[in-house]
Every structure is written in structure tokens, then in C-alpha cells.
Amino acid sequence: MRPTLADATRGRILFGGDWNPEQWPEETWHEDVRLMREAGVTLATVGVFSWASVEPRPGARDFRTLDTVLGLLDDAGIGACLATPTASPPPWLGARHPETLPRDEHGAVVWYGSRNHFCPSSPAYREHALRLTQDLAARYGSHPALRLWHINNEYGTACWCDTTAAHFRTWLQARHGTLDALNDAWGTAFWSQRYDDWAEILPPRRAQYLPNPAHLLDFKRFTSDALLECFTAERDAVTAASPRVPVTTNLMPLFPGIDGWRWAAEEDVVSVDLYPDPAAGPDDPAGAAHGALVQDLTRSQARGPWALMEQAASAVSWRPVNKPKPPGLTRLWSLQAVARGADTLCFFQWRQSRQGAEKFHSAMLPHSGPRSRVHREIRALGAELPALDAVVGTAVPARVAVLHDWPSWWAAEQPGRPSDQVSYPAVLAAWHHALWRRNLTCDLAHPEADLTPYDLLVVPQLYLLGDAALDSLAARVHAGATLVCGFLTGVADPDDRVRDGGTDARLRRILGLAAVHEWWPLAPGETVTLDDGTTGSLWSEDIEPAGATTAAAYATGPLAGHPAITRHRHGAGTAWYVFTLPDPIALADLLSRAAAAAGVEPPLPAVPPGVEAVGRGPLLFLLNHTAAPVEVPLPTPHTDVLTGRHHTTAIPLPPNGVAALRP
């Protein structure tokens, strides 16, 4: 039986961050550990970028820093999340083995001098990375400080070199079996692209005009799998040395480079790096909504508690303008993660770097030292987390599922589509934000997952849908679930082959449609008005109903009078189809209406706008994402475990305030 996050948490929320002592003289290490203890730190991630320190030249090993650092952590009662440093090979590897360096789609070499400069298919890279990982595991697999293994860092590198081409062909042979099957799947009769020999197939490098969409789609799948091979090789090496220590790798949030469902299935602990502040700055309300989306996705990938491996203590360093987080926001967003299933809260990083590309990225211990506002807030957060240990290992109940799939995302955003204004992650975020706005807690689910726990199924957009997913969706709605489906869904099969009728026949039966005659995308800034007074953007469609009733029609534009939103009974269930992107309030109203009809209610009624309410285990979390104080009505008396105060009919929340209520 594989270990889980519970083997690392041991009943308490883990709190800490990346510690990079190799960047600092040894005299600072003792101070770091002392300050960590005073701040309530219980977990330190070490070794992420230490390859050049541990292996300064080929075959050499220098474990002195790690020996000392792990000993200091153990003496202080702080757990270690030990990383394999394979995300950033040292210069000697690229210099001696240039075949390990990735090439872009134009054939240009991506040189060393930054990080993540490796070809995932390179045998030389894999050999050196695995050998180092095996030596780390042999030395530290039984170390008393070790709580968690952390493999590599933010996997996402892609390569188009000749080694990758050979690996890609092998992958394609396993997927398709024969060249005839590949030619059929890729539709190579178009533009005379038929392949007669496996050796003719290359990665989708720079082309004269539009590349083959199915070729691009399979290369996305392959790249995710090639990286996953690197992860599982290192995972197996550390597991062999320490079978009871869980293994993770820090995923990037809603990242298109890997298939997150496939990856999560290979991890003991699903973890994510989350920097939700948008370009407008951390005080933009969209940050909280985006954070909730990533947290719900990560919890769903983990099928339970998960780890927040990185977040910023204040400002980041890659936005056009990098504002610090206002007072209280770090606490608010951290406790939002706990409310949505996180059992581990970590930051990048512990001590702010003096040199390098991220020296202006904030840290738990900033340049200004322990008297700074940022560090005082970190200490306060560390001090109050033990009050929330009651939720460790508990679930976040959800009866709403938002269906999400990476290959569908990849296919929907390829060249040659009806509109390049339609961004899959933006559409997904808009629909999730509508649910979040009304405090309708949701999971995200793979289209082929078991949907029986959910009464409301939400499909913002799934351009690709396979047969198993369509059959499952039809069965669940027929059995009584409510479906709300967005535009451009079910258009193509998993090989990006357009279905007859513009949308798969099974989905059309669920939705009560005869055909989708034409997609009618909207220009940038263009909107349509519906006859209920709301507006839509991005998209419209000319559809022919076959049993569906019109819930709203277009009032303007070339489709005036045609249905814009339909509703249809299918068996014991109901299916809505939305042919545009409604304005945010209208979309929230529609989903609230569908949820109420499905018997799904928010955890607390009459919550003021901007206040998030989400239940986890024995607690109800209230989070005020507004800049003004609010008062939240309570139907029954509750106690705030963060303050110990009792509240009978209402609870006040200051700006950025949080309450964790026990009945």
C-alpha cells in the first residue's frame, strides 16, 4: 500500500517553505532554523536546485551541506521535504553532453544558464539524473528528518530534437499500432500527408503553413508522458529506499504542458504551486476566484487532501508591476487553501535570495529581516494553524462536478479554429467563478470519472469527448442528474475528428438538439443581447432544437429570435445548453437556478457578496474577499476556533478576515 499525505502530516497542518542554504554561508543556517522554530515552521523543502552543489563535477558527490542541514532540521523537530535536484542540471552536463539540451520547434538549442534546460527523452540526462537520485535515496532514505520526497521541480519542458523524434515514434507505435491506424487517426489524406514509414514522422516542427492538428495533439500527449517517465523513474528510486515516505512533485496551476489527471494518479501526494494574483496586482478580486479554481482542481486530482508547495509571502517577481500583498492577504489566501482541502502550506521561499533571477521575489524572511511586516504575518499564521488541525485528513463535500480534460484543452486551442478569442482556461474560469460567486462548492472531474456522487454536472467547454465520457454523461443525466453544458462541446472525437451534426449525436439527444448548423463566433468586444435582458460574449450558435425548450433567445445580431439557452428533459434528469458566454451575474444566476432544481444549496444562506463560505470536515470557513467589513448572518450559534469567540446570530468579518466556525 502506497503512503499518503497523512504519513507526512501526522495529524497536523504542515507549514514551511523552500530553504536554499547552499546560497548562504553556514553561519546563517543556525539562525534560519531558530527563526523557523519561532515562526511555527514544521516542514522545510531542501535540495531543489542543489545539483551543482551535490555533484560539482561528473560522478563526484558532496553531501556535506545536506548532511548538516538535515541534521539541523531534525534537531529542531522540523521535517524535511527532500527534493531531487534534477530540474536544473549543472553547466557541466550541457557542456559535456550537448544532446541533453532541448531544442525548440525551430531547431534552436535551448542553452544552460537558467533552469529546466533538459530534453526529457535524452538517455544521458535520464542516466545522470537517476544515478544522482539513487545516491540521494541511499544516503537519506532512512533519515529521521525525512517526511516527504519532492521529485524535480515544475515539470514542463518540451523538446523537438532528433532523440525526441525517435522517442515520439516509439510512443506512436504503442498508441496506434500500425501506420494505417495512425494515418486514419491523423487524417493524413488531407494535404497529402500520408506516412509510409515510421522514420518519416517528426515532432511538429516549424511548418510552412498550418500543421496537422491531430499530429500536434498527439505530440502534446507524448510530451506529457515523456516527462512522466522521468518522474516515475525517480519516484521508483526513492520509494525503493524509503517505501513509507510519500512522494510528490510540485505541479504548476492549471498548466497546459502536462495531463494533470494522468500525473496525479502516479503521485502519493498531489501538490501545486499557486500564485493567484493577476497582472492587475494581488488586490484584484480575481485572484481569490482563481485560487479557488486551482485549489478545487488540485483537491480533485488528489481525491482528498493536498499540499500547497509554493506560494508568495508578498510580491512576486515576474509581473509587469510587482506589488506586495496588502496586510492580511497572505493569511486569507492561505486559509482559503486549507478550507478547500490543503493539509500543507508552504512558501517559496524561506530566506529571500540576495542574488539570481528571483532576488526580488518575496520570502517568509525578507531582506529587511524578522522585524518586517511580512515576517510578522508569517509568524502569526504559523501560530494559529494548530487551531485548524481538526480538518487535517477531512473532505470538502461537493455535489457539483465541473468536467475538465487536458487533451480537450489542447485540441480546442489549435490553429485553424473558428475563433482565437476563445480561451479554454478563461471559459473554465468564468464558469467556475460563477459557482464560486454563489458558494456552490464543486469538484473538478475527468469526463470519464464516476459521476454518481454529483447531482449537478457542469461542462463549460469540452471540445473533445470520447465515447466512454459521452455514455457516462448520458447515463448520469438519464438517472436524474442536472447538466449545464457550454458551447463548443462534444464537437470532435479523441483524434480531433469532427462528429456528424456538429456535436455528437448522444450529446444532442441529451440536450434535445437536432443539429448545430453553424458556429457564429463573436468579434473582440462584440456582445449579443438576450431577450431576458442579459448579454453574452465570445460565441453564438445556430442550432436546431429537437425537443428542447428555449429558456432565452438572442434579441440582437444575425441570430435574433433563435435560441441562445435551451432546457430539455432527458429521462429523470434535465440538460441545459448555453450557446454563448453569459455575463458573470447571468451565468451565476443560471447555475444557481440549476443547482437549486437539483437540490444543491450553498453551505450557508444569505452570505454577503464577496464572502466565501465553504465547509470542510467539522468546520465552516468564512472568508471576506472584500476591502470592507461585513457581517454574516448565522442560522445557528457557532464558535470561531481561530479566536475562541462565540457568535449566536451573526459574525463580523474585517477586510481580508477569516472565521473557522464550529457549530
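Scroll up a little and you will see the structure.
Trainee: Any chance you could break down the pattern of salt bridges for me, citing the residues and the numbers?
Mentor: For the structure shown, the criterion picks out 38 salt bridges. Of the charged contacts, one joins Asp-455 and Arg-476 as a salt bridge, the two residues approaching to 3.8 Å between their closest N and O atoms. Here Asp-455, found in the loop between β11 (442-445) and β12 (456-459), pairs with Arg-476, found in helix α16 (residues 467-478); they are 21 residues apart in sequence, far enough to count as distant. Judged by relative accessible area, Asp-455 falls into the partly exposed class, the value being 22%. One salt-bridge network, held together by shared partners, links Asp-296, Arg-299, Arg-340, Asp-443 and Glu-612.

Trainee: Account for the side chain of Gln-352, naming residues and giving values.
Mentor: In this fold, Gln-352 is placed in the loop between β9 (342-347) and α13 (373-384). Only 2.9 Å separates the side chain of Gln-352 from the backbone nitrogen of His-367, close enough to count as a polar contact.

Trainee: So, the packing of aromatic side chains: which residues are in play, and what are the values?
Mentor: One pass over the full model with this rule turns up 23 aromatic pairs. For the ring pair Phe-63 and Tyr-140, a centre distance of 5.8 Å and an interplane angle of 85 degrees mean the geometry is edge-to-face. Highlighted residues: Phe-63 in the loop between α3 (51-54) and α4 (64-76) and Tyr-140 in helix α6 (residues 123-140), separated in sequence by 77 residues. Looking at Phe-63, the relative accessible area reads 10%, which means it is buried. Judged by centre distance (4.4 Å) and plane angle (10 degrees), the rings of Phe-118 and Tyr-125 are stacked. Since its relative accessible area comes to 1%, Tyr-125 is described here as buried. Ring pairing ties together the aromatic residues Trp-160, Phe-168, Trp-171, Trp-186, Tyr-195, Phe-219 and Phe-222, which thus form one cluster. Between the NZ or CZ atom of Arg-351 and the centre of the ring of Trp-24, over which it lies, the distance is 5.1 Å. Positioned over the ring face of Trp-576 is Arg-567, at 4.9 Å from the centre of the ring.

Trainee: I'd like to hear about the state of the cysteines, residue by residue, with values.
Mentor: This structure, assessed with the given rule, holds zero disulfides. Cysteine Cys-119 is unpaired, with the sulfur of Cys-159 as its nearest cysteine sulfur at 3.7 Å.

Trainee: Got a sec to walk through unusual backbone geometry? Specific residues and values, please.
Mentor: The residue after Phe-348, namely Gln-349, is reached through a cis peptide bond having omega 0 degrees. Within the secondary structure, Gln-349 sits in the loop between β9 and α13. In this structure, Asn-116 takes a positive phi of about 60 degrees despite not being glycine. On the secondary structure map, Asn-116 appears in the loop between α5 (91-96) and α6.

Trainee: Run through helix α9 (residues 213-241), naming residues and quoting values.
Mentor: When the terminal C-alpha atoms of α9 are compared, their 43 Å separation across 29 residues agrees well with the 42 Å that a helix rising 1.5 Å per residue should span. Of all 29 residues in α9, 22 are buried, a share of seventy percent or more. N-capping of α9 is provided by Asn-212, with a side-chain oxygen placed 2.9 Å from the backbone N of Ala-214.

Trainee: Describe the packing of helix α2 (residues 27-39) against α13, naming the residues involved and giving the relevant values.
Mentor: Between two packed helices, the angle of one axis relative to the other and the distance separating the axes together describe the packing. Two elements in contact, α2 and α13, have axes whose closest approach is 8 Å; the angle formed by their N-to-C orientations is 55 degrees. Overall, the two elements α2 and α13 adopt an arrangement that is oblique. For the pair formed by α2 and α13, the contact residues are Leu-35, Glu-38 and Ala-39 on the first element and His-375, Ile-378, Arg-379 and Gly-382 on the second.

Reading guide: rules and limits
Position numbers for residues start from 1 in each chain and track the written sequence from start to end. In keeping with the model being predicted, local features are shown solely for residues with a pLDDT of at least 70 and side-chain atom pairs are shown and tallied solely at 80 or more, while totals for entire chains, interfaces and linings include all residues. By convention in this description, side-chain values take in all heavy atoms of the structure and omit both hydrogens and water. The term salt bridge refers to a pairing of a side-chain nitrogen on Lys or Arg with a carboxyl oxygen on Asp or Glu at a separation within 4 Å. Helix and strand definitions here come from DSSP, where helices need a minimum of 4 consecutive H or I residues and strands a minimum of 2 consecutive E residues; each element is numbered from the N-terminal end. Only protein chains enter the area calculation, which uses a 1.4 Å probe; residues under 20% of their type maximum are buried, those over 50% are exposed, and those in between are partly exposed. Throughout this description, a polar contact denotes any pair of N or O atoms lying within 3.5 Å of each other; where both atoms belong to protein, one of them has to be capable of donating a hydrogen while the other can accept it, and for residues adjacent in sequence the pair is counted only when both atoms sit in side chains. Aromatic pairing here means that ring centres of Phe, Tyr or Trp (its six-membered ring) are within 6.5 Å. Orientation follows from the plane angle: under 30 degrees is stacked, over 60 is edge-to-face, and everything else is tilted. Only lysine NZ and arginine CZ atoms are considered, and such an atom sits over a ring when it is within 6 Å of the ring centre and within 35 degrees of the ring normal. Any cysteine sulfur atom paired with another within 2.5 Å is treated as part of a disulfide. An expected span of 1.5 Å times one less than the residue number is assigned to each helix. Here an angle of 0 to 180 degrees is reported between the N-to-C directions of two axes, which are lines fitted to C-alpha atoms, with helices fitted over the stretch in contact. Throughout, the term roughly parallel applies to angles under 35 degrees, roughly antiparallel to angles over 145, roughly perpendicular to angles from 65 to 115, and oblique to all others. Contacts are assigned to residue pairs with any non-hydrogen atoms lying within 4.5 Å of each other.

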